[in-house]
Amino acid sequence: MALKDIQDEIIRLKKENDICILAHCYQSPDILEVADFVGDSFALSVSASKVTNKTVIMCGVRFMAETVKILSPDKKVILSNADAGCPMAEMMDKDLIKQVKEQYPDYTVVAYVNTTSELKTVCDVCVTSSSALKICKKIDNDKILFIPDKNLGAYIAKQLPEKEFKLLSGGCPTHARMSAENVKKAKAMHPDALFLVHPECVPEVVELADYVGSTTGIMDFAKNSDAKEFIIGTENSIVSHLQLECPDKMFYPLSKDLVCHNMKLTTIVDVLNCVKGIAGEEIILEKDVMDGARRCIDKMIELG
C-alpha cells in the first residue's frame, strides 16, 4: 500500500470505530497527519478526556497512555506499540521513593509527569516541564523532593533559591547526553542561530540557551520569533516538524544523537493495525493505582 492509502484507511477506520488518535510531537509526520490531537503528553491526555470517543490510541510511550487512562477511566486506551517505554519513567519505582520519603519526611514530593502511574501514587503533586516552576513556587512548603529528572529539578531550583530541593540521579538519557561542547560546535557552525533547549538537558547546556521550554514551547517560540535560524536542543523530530511548518526559516539539530528510540518504535502501519483492532496494547490499571495517581494529577491541576 502507498502511504496515502494507509493514511486514508486509518482515517476511515477511526471514524467507523469511534476512535480518537493522539500523537506526541516526537512522532513522525505521517502519524501526525492522521492524529486528532498533536502535542505534549499531558495536554494530549486532557484533550482525550474531553472527546466522546470510546477508544483512544496513544502514539507515544507507556506513561503517556497511562495518564490518558487515569483521566479517562471509562475509555478503552491503546498504546500503539507495546514496547514503547520511557527510560526516565522506569528509573524509579514506588518502593524506592517510599524509602526516600522516610529519609525526608518533611519534604513535598514533586513528580515530573514522566513517571509511571504506580509511582505517582506515593507522590504529592505532578508537574509538566512548562508548569513545574509555577507549581513549585505555589507549594506551601520550602522543602521539595523533585523526581525523577535531576536536570529539570536543577533548572527549577535555580529559579527558586528560597526553597530547598533534593534531587535524585535520574533523567532522560537522550537529552542528558548533550554537552556544552555540542552547543559550542553547533553555534560555531551557525553563529546567527538562536539556541532553543528543553530543560531535561544538563545545566551546562541549558545555561547557554536563548530560550528554555517544553517541546511545544520551543515550537511556539520558533514559529513566533522574528529570528530566521534556530538550533533545536530537543528530540530531532522537532527539527523536521519545524522545517515543514516554517519553510522560510532554518532549523538545525543540536546533535544527530538527539533521538528517542522509544518514540521511533511506532510506525504508521502500527497505527493502521491499531484501528483495525489487531495491534497495540490496552492499558489496564488497578483502581487503587488510578485513584492514587489521579490525586497527584488533580493537585497539579489545582496549583497550575
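Quick caveat, the model's predicted, so the values are computed rather than measured.

Undergrad: For the nonpolar core, give the residues involved together with the corresponding values.
TA: Core analysis: the biggest nonpolar cluster contains 74 residues, and Ile147 and Ile232 have the highest contact counts within it. In this view, Ile232 contacts Leu196, Ile218, Ile238, Val239, Leu242, Phe251, Tyr252, Pro253, Leu254 and Leu258; residues no more than four positions away in its chain are not counted.

Undergrad: An account of a negative patch on the surface is requested, with residue identities and associated values reported.
TA: Negative charge collects at one region of the surface, where Asp93, Asp95, Glu118, Glu286 and Asp288 lie side by side. Mapped onto the elements, Asp95 comes out in helix α5 (residues 94-103).

Undergrad: Before we move on, could you go through the side chain of Asn151 and cite the residues and values that matter?
TA: Inspection of the secondary structure puts Asn151 in helix α8 (residues 150-159). Contact partners of Asn151, with chain neighbours within four places excluded, come to Ala176, Pro199, Glu200, Cys201, Val202 and Pro203.

Undergrad: Let's hear about helix α1 (residues 3-16): which residues, and what values?
TA: End to end, α1 covers 20 Å across 14 residues, agreeing with the expected 20 Å (1.5 Å per residue, within 8%). The set of residues buried in α1 consists of Ile6, Gln7, Ile10, Leu13 and Lys14. The buried residues of α1 occupy an angular sector of 135° when the element is viewed end-on, so they sit on one face. Those residues of α1 that are exposed and angled more than 90 degrees off the buried face are Lys4, Lys15 and Glu16.

Undergrad: Tell me about the packing of aromatic side chains, and please be specific about residues and values.
TA: Aromatic ring pairs: the centre-centre distance and the angle between the two ring planes describe each pair. Under the counting rule described, the total for this entry stands at three aromatic pairs. Ring plane angle 20° and centroid distance 4.6 Å describe the contact between Tyr211 and Phe221, whose orientation is recorded as stacked. Placement of Tyr211 in strand β10 (residues 211-212) and of Phe221 in helix α12 (residues 215-224) is noted, with a sequence separation of 10 residues between them. You can call Tyr211 partly exposed: its relative accessible area is 23%.

Undergrad: Any chance you could break down the pattern of salt bridges for me, citing the residues and the numbers?
TA: By the definition in use, this model includes 14 salt bridges. Between Arg62 and Glu281 there is a salt bridge, with its nearest N and O atoms 2.8 Å apart. With a gap of 219 residues between them, Arg62 in helix α4 (residues 62-71) and Glu281 in strand β13 (residues 281-282) connect regions that are remote in the sequence. Looking at Arg62, the relative accessible area reads 22%, which means it is partly exposed. The salt bridge involving Asp248 is made with Lys228; its shortest N-O contact spans 3.4 Å. Linking Asp248 in the loop between α13 (237-245) and β12 (250-253) with Lys228 in the loop between α12 and β11 (229-233), this pair joins segments that are 20 residues apart in sequence. Classification of Lys228 as partly exposed rests on a relative accessible area of 46%.

Undergrad: With reference to specific residues and values, describe the packing of α4 against helix α15 (residues 287-303).
TA: One way to put it is that α4 packs onto α15 with a least axis distance of 10 Å and a crossing angle of 90°. As judged from the angle between their axes, α4 and α15 are roughly perpendicular. Counted together, Thr67, Lys69, Ile70 and Leu71 of α4 and Met290, Ala293, Arg294 and Ile297 of α15 form the full contact between these two elements. Within the contact of α4 with α15, the residues separate by chemical class into five nonpolar, one polar and two charged.

Undergrad: Any chance you could break down the environment of Asp288 for me, citing the residues and the numbers?
TA: With respect to the helices, strands and loops of the structure, Asp288 is situated in helix α15. Classification of Asp288 by relative accessible area gives exposed; the value is 57%. In sequence terms Asp288 and Glu118 are 170 residues apart; their C-alpha atoms lie 9.2 Å from each other.

Undergrad: Go over the sheet that holds β11 with me, naming the residues and quoting the values.
TA: What the four strands build is an open sheet, ordered β10-β9-β11-β12; its pairing is parallel. A strand with exactly one partner marks an edge of an open sheet, and here the two such strands are β10 and β12. As defined by bridge partners, strand β9 (residues 194-197) adjoins β11 across four bridges and the pair is classed as parallel. Residue Leu196 lies in a different strand from β11, and its bridge partner there is Ile232. Those strands touched by α13 are β11 and β12, and its axis lies near 170° from that of β12.

About the cut-offs
- Residues numbered from 1 in each chain as written.
- Predicted model: local features only at pLDDT ≥ 70, side-chain atom pairs only at ≥ 80, totals over all residues.
- Heavy atoms only, no water.
- Core = buried A, V, L, I, M, F, W, Y, C linked by side-chain atoms within 4.5 Å.
- Buried < 20%, exposed > 50% of the residue type's maximum accessible area, 1.4 Å probe, protein only.
- Contact = heavy atoms within 4.5 Å.
- Patch = residues over 30% accessible without salt bridge, like charges linked within 9 Å, V, L, I, M, F, W, Y side chains within 5 Å.
- Areas by Shrake-Rupley, 256 points an atom, 1.4 Å probe, with all protein chains shown as cover.
- Salt bridge = Lys/Arg side-chain N within 4 Å of Asp/Glu carboxyl O.
- Lys, Arg positive; Asp, Glu negative; His and termini not counted.
- Charge placed at Lys NZ, Arg CZ, Asp CG, Glu CD.
- Helix = DSSP H or I, 4+ residues; strand = E, 2+ residues; numbered from the N terminus.
- Expected span 1.5 Å × (residues − 1).
- Arc of directions from axis to C-beta.
- Phe/Tyr/Trp six-rings, centres within 6.5 Å; stacked < 30°, edge-to-face > 60°.
- Axes fitted to C-alpha atoms, helices over the stretch in contact; angles between N-to-C directions.
- Parallel < 35°, antiparallel > 145°, perpendicular 65-115°, else oblique.
- Nonpolar A, V, L, I, M, F, W, Y, C, P; charged D, E, K, R; others polar.
- Pairing = 2+ DSSP bridges.

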